[in-house]
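# Analysis of the macromolecular model
Residue strings, one per chain:
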Amino acid sequence: MTVTLTDAKAMKVRSPRQNLLLQKTATIRSVAEVIGFLVSGFPAVEFAEMHYRHLELDKNCALRANKGNFDSTMTLSAQSKTELTWWIVNVLTASKPIRHGNPDLSLTTDASKLGWGAVCGETSTGGFWSLEEQRYHINFLELKAVLLGLKSLCGAFSEKHILVQTDNTTAVAYINAMGEAGIDVTTFKPHSTRAAAAAAAASKAKNVSVPVKEILDTAGWSSERIFDCFYNEPFQKAGGFATCVLTID
């Protein structure tokens with residue numbers, strides 16, 4: 001059994017997307033309204049969660065740059081335009097099953113700071129993390145164990161319903177939500193001192209003319225847009241936290 005949008009609802013979701021795609025600039029408010037329409041279609045559009053996050057990121061960056069003024073204008077990134085195009089092409093014929101039925105395969109994975117393992121049926125695999133990988137957060141390693149398990153044990157299959165079993169609740173939530181937009185929440189938590197330290201160090205690096213690409217590669221951020229939106233803060237010479245983080249003994 002599947003859920004589908006009514007024709008009227010599908011057109012209501014589709015039309016604003018077409019209008020927004022044709023505009024060179026748009027108000028932040030109009031983009032927020034479009035995102036609201038997209039989210040309202042989630043229950044009836046499979047994989048919809050994978051096709052709106054750049055729009056959300058663009059909107060949040062624009063709001064931050066304009067001090068929360070929804071009536072300011074913004075431009076859409078190429079990724080956001082691709083997401084809008086996906087909705088325009090797919091929304092009229094989209095559907096979503098209420099249940100996917102029993103899984104065809106079951107994959108069990110686990111990870112520690114030393115290594116990972118995966119089991120599918122009677123077949124198992126695993127390995128040790130490199131010294132560089134061992135420095136990552138355990139949530140990241142648990143997700144990577146799932147990815148490696150799928151590639152190693154399920155790579156020969158297609159169009160199969162696979163049940164992934166992992167004891168890490170963050171990994172489960174991340175997979176069920178089909179990922180997160182922009183920020184690696186498996187490594188940096190909101191308001192954590194680790195995120196604050198990363199922002200302070202990166203902002204200082206840019207302040208002294210370190211190339212942006214080098215900052216992104218070192219911090220593990222995927223795009224300059226993420227750095228500018230969330231981490232590039234005005235750097236002030238002061239004591240306390242910034243001095244402790246940025247001073248080398």
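Notes on the structure in this doc start here. Here the structure is a predicted model, which means the values were calculated and not measured.

## A closer look at the environment of R14
- For R14, the position within the fold is in helix α1 (residues 7–22).
- Relative accessible area serves as the criterion here: at 19%, R14 is assigned to the buried category.
- Only 2.9 Å separates the side chain of R14 from the backbone oxygen of I88, close enough to count as a polar contact.

## What to know about the pairing of strand β5 (residues 105–111)
- Of the two faces of β5, the one lined by L105, L107, T109 and A111 is fully buried and the one lined by S106, T108 and D110 carries no buried residue.
- In this sheet, strand β8 (residues 162–165) lies alongside β5 in parallel orientation, the contact comprising four bridges. Each bridged residue has a counterpart across the sheet, and for T108 the counterpart in β8 is Q165.
- With five bridges joining them, β5 and strand β6 (residues 115–120) adopt antiparallel strand pairing. When the sheet's bridge partners are listed, T109 is paired in β6 with A118.
- Between β5 and β6, which pair antiparallel one after the other, the connecting turn spans three residues.

## Some details on the layout of surface pockets
- Considering only enclosed or pocket space, the largest pocket measures out at about 1,200 Å³ in volume.
- Lining the largest pocket are 29 residues, with I162, V164, I175, N176 and M178 sitting closest to its centre.
- Contributions of two or more residues to the lining of the largest pocket are made by β4 (96–97), α5 (138–153), β8 and α6 (169–176).
- Broken down by element, the lining of the largest pocket gets its largest block of residues, six residues, from α5.
- Counted by class, the lining of the largest pocket contains 16 nonpolar, five polar and eight charged residues.

## Examining the nonpolar core
- Within the largest apolar cluster, 24 residues are counted, with the highest numbers of intra-cluster contacts made by L20, V31, L38, L55, L76 and W87.
- Listed by contribution, the elements that provide at least two residues to this core are α1, α2 (28–40), α3 (53–65) and α4 (78–90).
- L38 has contacts with V13, R17, H51, Y52, L55 and W87, leaving out every residue within four places of it along the chain.

## Observations concerning the environment of L163
- Along the chain, L163 turns up in strand β8.
- Judged by its relative accessible area of 36%, L163 is partly exposed.
- Those residues in contact with L163, other than ones at most four positions away along the chain, are P103, L105, S106 and L107.

## Some details on the packing of α1 against α4
- Closest axis-to-axis distance for the α1/α4 pair is 9 Å, and the angle between their directions is 145°. When the axes of α1 and α4 are compared, the crossing they make is left-handed. On α4, the residues touching V13, R14, R17, Q18, L20 and L21 of α1 are K81, L84, T85, W87 and I88.
- Looking at side-chain class alone, the contact of α1 with α4 contains six nonpolar, two polar and three charged residues.

## A look at the packing of aromatic side chains
- One pass over the structure, following the stated rule, counts three aromatic pairs.
- Plain terms: the ring middles of F42 and Y52 are 5.2 Å apart, the flat faces sit at 70° to each other, and that makes the pair edge-to-face. Of the two residues, F42 is situated in the loop between α2 and α3 and Y52 in the loop between α2 and α3; the sequence distance between them amounts to 10 residues. Each member of the pair, F42 as well as Y52, is classed as buried.

## Re unusual backbone geometry
- One non-glycine residue, F47, lies in positive phi territory at about 70°.
- With relative accessibility at 42%, the residue F47 sits in the partly exposed group.
- Residues other than glycine seldom take positive phi values, yet K67 does so here, at roughly 55°.
- Positionally, K67 belongs in the loop between α3 and β3 (73–74).
- Overall, the relative accessible area of 81% leaves K67 in the exposed class.

## Comments concerning the sheet that holds β8
- As summarised here, the arrangement of the four strands in space is β7-β6-β5-β8, forming an open sheet in which the pairing is mixed. Unpaired on one side and paired on the other, β7 (123–128) and β8 mark the two borders of the sheet. Across the sheet, the mean angle from the axis of one strand to that of its neighbour is 15°, orientation sign disregarded.
- Against the sheet, α5 touches β5, β6, β7 and β8, its axis set at about 140° to β5.

Rules and cut-offs
- In every chain, residue numbers begin from 1 and rise along the written sequence.
- Restriction of local features to residues with pLDDT of at least 70 applies here, the model being predicted, together with a cutoff of 80 or more for giving and counting side-chain atom pairs; totals for whole chains, interfaces and linings are based on all residues.
- Based on all heavy atoms of the structure, the side-chain values leave hydrogens and waters out of the count.
- By the criteria applied, helices consist of DSSP H or I runs no shorter than four residues and strands consist of E runs no shorter than two, each listed in order from the N terminus.
- Here the term buried applies to any residue with accessible area under 20% of the maximum for its type, exposed to any over 50%, and partly exposed to those in between, with areas from a 1.4 Å probe on protein chains only.
- In the analysis that follows, any N or O atom pair within 3.5 Å is treated as a polar contact, provided that within protein one partner can donate a hydrogen and the other can accept it, and provided that, for residues neighboring in sequence, both atoms belong to side chains.
- A strand pair is defined by DSSP finding two or more bridges across the two strands.
- In the cavity and pocket records, a cavity denotes points on a 1 Å grid over the protein atoms alone where a 1.4 Å probe fits but cannot get out, a pocket denotes an open set with protein on both sides within 12 Å along at least 5 of 7 lines, and lining residues are residues with an atom within 4 Å of a point.
- Grid points are joined across faces, edges and corners, and a volume is the space filled by probe spheres set on the points.
- Classes in brief: Ala, Val, Leu, Ile, Met, Phe, Trp, Tyr, Cys and Pro nonpolar; Asp, Glu, Lys and Arg charged; the others, Gly included, polar.
- Buried Ala, Val, Leu, Ile, Met, Phe, Trp, Tyr and Cys residues that are joined via side-chain atoms within 4.5 Å together make up what is termed a nonpolar core.
- We call two residues contacting when some pair of their heavy atoms lies within 4.5 Å.
- Here the axes come from fitting lines to C-alpha atoms, over the contacting stretch only for helices, and the angles between their N-to-C directions go from 0 to 180 degrees.
- By definition, any crossing whose near helix is turned counterclockwise from its far helix by less than a right angle is left-handed, and any crossing with a clockwise turn is right-handed.
- A pair of Phe, Tyr and Trp rings is counted when the ring centres sit within 6.5 Å of each other, with Trp represented by its six-membered ring. The angle between the planes then sorts it: under 30 degrees is stacked, over 60 is edge-to-face, the rest tilted.

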